[in-house]
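Results of the structural survey
Take a look at the letters that make up each chain.
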Number of protein chains: 2
Amino acid sequence: MQIYLDCIACFVRQALDAARLATDDEQIHEKVVREVLRLAADLDMSQSPPAIGQQIHRLIRELVGDDDPYRELKQRYNRLALRICDELKEGVRTSENPLETAVRLAIAGNIIDLGVKTSIKESEIEEIINDSLTADFDNRQIEEFRNVVNRAEKMLYLADNAGEVVFDRLLIEQLPAEKITLVVKGKPVINDATMEDAEFTGLTEIVKVIDNGSDAPGTILESCSQDFRNRFENADLIIAKGQGNYETLSDVNKDIFFVLKAKCPVIAKDLGCEVGEMILRRSQAYRNAVDFSSGGQIDARI
Amino acid sequence: MQIYLDCIACFVRQALDAARLATDDEQIHEKVVREVLRLAADLDMSQSPPAIGQQIHRLIRELVGDDDPYRELKQRYNRLALRICDELKEGVRTSENPLETAVRLAIAGNIIDLGVKTSIKESEIEEIINDSLTADFDNRQIEEFRNVVNRAEKMLYLADNAGEVVFDRLLIEQLPAEKITLVVKGKPVINDATMEDAEFTGLTEIVKVIDNGSDAPGTILESCSQDFRNRFENADLIIAKGQGNYETLSDVNKDIFFVLKAKCPVIAKDLGCEVGEMILRRSQAYRNAVDFSSGGQIDARI
C-alpha cells in the first residue's frame, strides 16, 4: 500500500507523540517535528507508510540518544497481556470454535499499538477483548484460513507489537506450531516486538523465533536480512499481523493471510472495510496473480 | 496565542481538506501538502496559528487559481442560517434572559467552522443549537459583559465565519447596535465572513459594517488596514468571535470579550477549559495589565 496524502498529518502527529514519549526535552520535540516536516516535504509517495515510519523513528532515536525509547512501555504491555493470558487461553479451550476465538483474540491484541494511540488503559483492553469476541466476523475466511494452514508446510508468522505477541501465542497454539516460525523485528522501532519480547513472553518456548534484521514498523523486504528474505521466499504461507505488515506486504505476490484491526480510515479504505473492523483476509495481490495464471482456481494451488 | 507543536499536524490536515474542497486535481492536493510541509518546517513558532493559516490559504488560492474557493459553501451556510434565523430570534425574544440566550446562540453559530471541520450536516447544527441552549455556562460572565457593554461607547464586533454572522446578528440585536461596528475580513480566507456575507445576511441593515483589510483567518493587527487599526485603538470594547480571533488577540492588551466554542485541545488548554466548552471570557492580558496598573480594580476602568 502506498502513502496517501492523508497519512502525512498522521506522521507528524505520531512523530510528536513519539518524541514526547522518548524525552521531556521540548527542544528535541521541536527538532523532531521540523525534521519530519522536511522529510515529508520531499517524500516518495510510492513507498509504503512504514518506510517513512522507519525514517522518523530512526531520527527520534538518534536525536533522543536512546536506541529503544519504548522499552518500558513494551514491558508494561507484555506484563499486562501475560496477566490476562491464562483466562483468555481458557476461553479458547472451552470455545465451540477455538480457531475462530483465537483469531478474534489475536486481532484484539492488535489494539495494543502505540503507533496509532500513545496510551491505552487496562479497562479499555478488557472492553475491546469482549467486543472482539462478539463483533461480526466473516467466518468463511476462518475456514479458508484453516484449510490453507492445514496444507502448508512452512509458515512464517510475522509478529506486530509487544504485548500483542501474547495474544498471537493463543493463535499459534491452535496451529501446527512445529511448522511455524515467528518473526520479530531486528531492532527496536516504536512498540514492535523484538526478540526480547518473544523471550519475555515465553513465545520462544513454543515456537521457533527469528528476527527479520530490520527496524521498519512493518515488513519492507528490501530492508530485511538476506536470511529472512530466503525464508520468506521459501515459505508457503505467511500470517501477517497488524497494519504495518498489511501496508508493506499488500502488494507482494505471496500467499499471505493478513490479521488485523483496521484502525485508520486510509487502511480501511484500502481494505474496503469500516474503521474498527476485524480483518482476516487472504492477500488480494496473490489472489489476482493466481486468478491470472490459473483462471481462478486458487484452491488448486493450496 | 503562539503556535504549539500540536497545531502543525492540524495545519497539514486542514490544508489538504481545503485543497480538496477547492479542486479535484490531485496533483494540486499534493503540491499544497508539500508546500505546507516546507513552510511549516521553518515556521516561526512565536506567531499565532492564523499567521500560518493566512499563508496556507494564500498558497491554496494561488495554486488553485481561485480567489474564493469557499464561496459556494459560505453561501450555503448563510442560507442555512437565515432559514432558521426567525425561529432563533423568537427564542431570544421569549427567553427569561435574552442576552444570555443570544450569547449562547452566537456561540452555537461558531460551530459552522470549516477550518476545523470540512462539512457539517443541517441536523448536526440543530442538535448543537439545542445543546448550546442547555449546556452549563458561567453566567457571571454574562453580567460582567452586560455591564461593560452598557458603559462602552465605541465597540467593534469582530465577526468570524459566514453563516455564523446570522447568529451574531441575534446578539447584536441585544446590544446597543448604534455603538457597534461589525468587522469582517478584507479578503476571502477559508469560510470567514466578508462584506459579501454581511450584505447577503442583512447585517449591513442593522449595524455599520467595515472590513479589516486583511486575509488572515483571525485578527493579526499588523496585517490589517491602518483605518481598522485606528478604530481598534480607539474602541473601548472589542467583542471577538471565534478561535481565530482568540488566537490572534489573546495577548493584546485591550478590553476584549472573547466569544467562542473551544473546538481544539490546544485552545482549550490555553483557555484552561474543556474541549467543546462555550466561552464568554474577558481578556486575561487586559485583566493582568489593569491589575498591574490599578492594583486589581478592573471595574474602576469601565
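Worth saying up front: this structure is predicted, and the values here are computed from it rather than measured.

What follows deals with helix α5 (residues 98–109) of chain A. Residues separated by three or four positions in an α-helix point in the same direction, a consequence of the helix having 3.6 residues per turn. Residue and element names in this part refer to chain A. Over its 12 residues, α5 extends 16 Å from the first C-alpha to the last, a length consistent with the 16 Å expected when each residue adds 1.5 Å. Of all the 12 residues making up α5, 11 are buried; the element is thus mostly covered by neighbouring parts of the structure. Taken together, the buried positions of α5 are occupied by Leu99, Glu100, Thr101, Ala102, Val103, Arg104, Leu105, Ala106, Ile107, Ala108 and Gly109.

A word on the side chain of Asp168 of chain A. Residue and element names in this part refer to chain A. As for its position among the elements, Asp168 is in helix α8 (residues 164–172). Judged by relative accessible area, Asp168 falls into the buried class, the value being 0%. Within polar-contact distance, the side chain of Asp168 engages the side chain of Tyr157 at 2.7 Å. When near neighbours in sequence (up to four residues on either side) are disregarded, Asp168 contacts Ala106, Tyr157, Ala159 and Lys241.

Let us now look at the sheet that holds strand β6 (residues 278–282) of chain B. Residues and elements named next belong to chain B. What the six strands build is an open sheet, ordered β3-β2-β1-β4-β5-β6; its pairing is mixed. Looking at strand neighbours, the two that pair on one side only are β3 (208–211) and β6, the edges of this open sheet. Sheet twist, expressed as the mean angle between neighbouring strand axes with direction ignored, is 20 degrees. Its contacts with the sheet place helix α5 (residues 98–109) against β1 (155–158), β4 (237–241), β5 (256–261) and β6, and it is angled at close to 115 degrees to β6. In the packing of helix α8 (residues 164–172) onto the sheet, the strands contacted are β1, β2 (180–184) and β4, and the crossing angle to β1 comes to about 150 degrees.

Applying the stated criterion across every chain yields a total of six aromatic pairs over all chains. Geometrically, the ring pair formed by Tyr246 of chain A and Phe258 of chain A is edge-to-face, given 5.0 Å between the ring centres and 80 degrees between the ring planes. Pair noted here: Tyr246 of chain A is in helix α12 (residues 242–249) and Phe258 of chain A is in strand β5 (residues 256–261), with a separation of 12 residues, a long-range link. Classification of Tyr246 of chain A as buried rests on a relative accessible area of 8%. On the accessibility criterion, Phe258 of chain A (2% relative accessible area) is buried. Their ring planes at 65 degrees and their centres at 5.1 Å tell us that Phe145 of chain B and Phe257 of chain B sit as a pair that is edge-to-face. Of this pair, Phe145 of chain B sits in helix α7 (residues 140–151) while Phe257 of chain B sits in strand β5, placing them 112 residues apart in sequence. Both residues of the pair, Phe145 of chain B and Phe257 of chain B, belong to the buried class. When the ring centre of Phe232 of chain A is taken as reference, the NZ or CZ atom of Lys254 of chain A above it lies at 5.8 Å.

As a further point, take the domain arrangement of chain A. Residue and element names in this part refer to chain A. According to the domain assignment, chain A contains domain 1 (5–64) and domain 2 (71–294). Just the C-alpha atoms count here: the centres of domain 1 and domain 2 sit 25 Å apart. Between domain 1 and domain 2, the residue contacts involve 15 residues of the former and 18 residues of the latter. Buried area between domain 1 and domain 2, both sides added, is near 1,200 Å², and the carbon and sulfur share of it is 59%. For the domain 1 face of the interface with domain 2, the top three residues by lost area are Pro50, Gln54 and Arg61, together amounting to 40%. For Arg58, the salt bridge is made with Asp215, and the minimal N-O distance between the two is 2.8 Å. Viewed at the interface, domain 2 and domain 1 are joined by five residue pairs in polar contact (both at pLDDT 80 or more). The set of elements that each furnish at least two residues to the side of domain 1 that touches domain 2 consists of α1 (5–22) and α3 (49–64). Looking at side-chain class alone, the side of domain 1 that touches domain 2 contains five nonpolar, five polar and five charged residues.

Now for the sheet that holds strand β3 (residues 208–211) of chain A. All names here are of chain A. Strand order in the open sheet made by the six strands is β3-β2-β1-β4-β5-β6, with mixed pairing throughout. Of all strands in the sheet, those bounded by a partner on one side alone are β3 and β6 (278–282). The mean inter-strand angle of the sheet, taken between neighbouring strand axes irrespective of direction, is 20 degrees. Two elements, strand β1 (residues 155–158) and strand β2 (residues 180–184), share four bridges in a ladder whose sense is parallel.

Between the first and last C-alpha of helix α2 (residues 26–41) of chain B there are 23 Å, a value that for 16 residues agrees with the 22 Å anticipated at 1.5 Å per step. Along α2 of chain B, the positions that sit buried rather than exposed are Ile28, His29, Val32, Val33, Arg34, Val36, Leu37, Ala40 and Ala41 of chain B. Considering only its buried residues, α2 of chain B is in contact with α1 and α2 (26–41) of chain A together with α1 (5–22) and α3 (49–64) of chain B. The opening residue of α2 of chain B is Asp25 of chain B, an N-cap whose side-chain oxygen sits 2.9 Å from the backbone nitrogen of Gln27 of chain B.

A word on the interface of chain A and chain B. Listed as interface residues are 19 residues of chain A and, on the opposing side, 19 residues of chain B. In total, about 1,600 Å² of surface goes out of reach between chain A and chain B, with carbon and sulfur atoms giving 62% of it. At the junction of chain A with chain B, the criterion picks out four salt bridges. In this structure, Asp6 of chain A and Arg20 of chain B form a salt bridge, with 2.8 Å as the shortest nitrogen-oxygen distance. Taken together, the connections running from chain A to chain B amount to 10 residue pairs in polar contact (both at pLDDT 80 or more). Counting only elements with at least two residues in the side of chain A that touches chain B, the list comes to α1 and α2 of chain A.

Reading the values: the criteria
- Residues numbered from 1 in each chain as written.
- Chains lettered and ligands numbered in written order.
- Predicted model: local features only at pLDDT ≥ 70, side-chain atom pairs only at ≥ 80, totals over all residues.
- Heavy atoms only, no water.
- Helix = DSSP H or I, 4+ residues; strand = E, 2+ residues; numbered from the N terminus.
- Expected span 1.5 Å × (residues − 1).
- Buried < 20%, exposed > 50% of the residue type's maximum accessible area, 1.4 Å probe, protein only.
- Polar contact = N/O pair within 3.5 Å; in protein donor to acceptor, adjacent residues only side chain to side chain.
- Contact = heavy atoms within 4.5 Å.
- Pairing = 2+ DSSP bridges.
- Axes fitted to C-alpha atoms, helices over the stretch in contact; angles between N-to-C directions.
- Phe/Tyr/Trp six-rings, centres within 6.5 Å; stacked < 30°, edge-to-face > 60°.
- Lys NZ or Arg CZ within 6 Å of the ring centre and 35° of its normal.
- Domains from an automatic or database assignment.
- Buried area = accessible area lost by both parts, 1.4 Å probe.
- Salt bridge = Lys/Arg side-chain N within 4 Å of Asp/Glu carboxyl O.
- Nonpolar A, V, L, I, M, F, W, Y, C, P; charged D, E, K, R; others polar.

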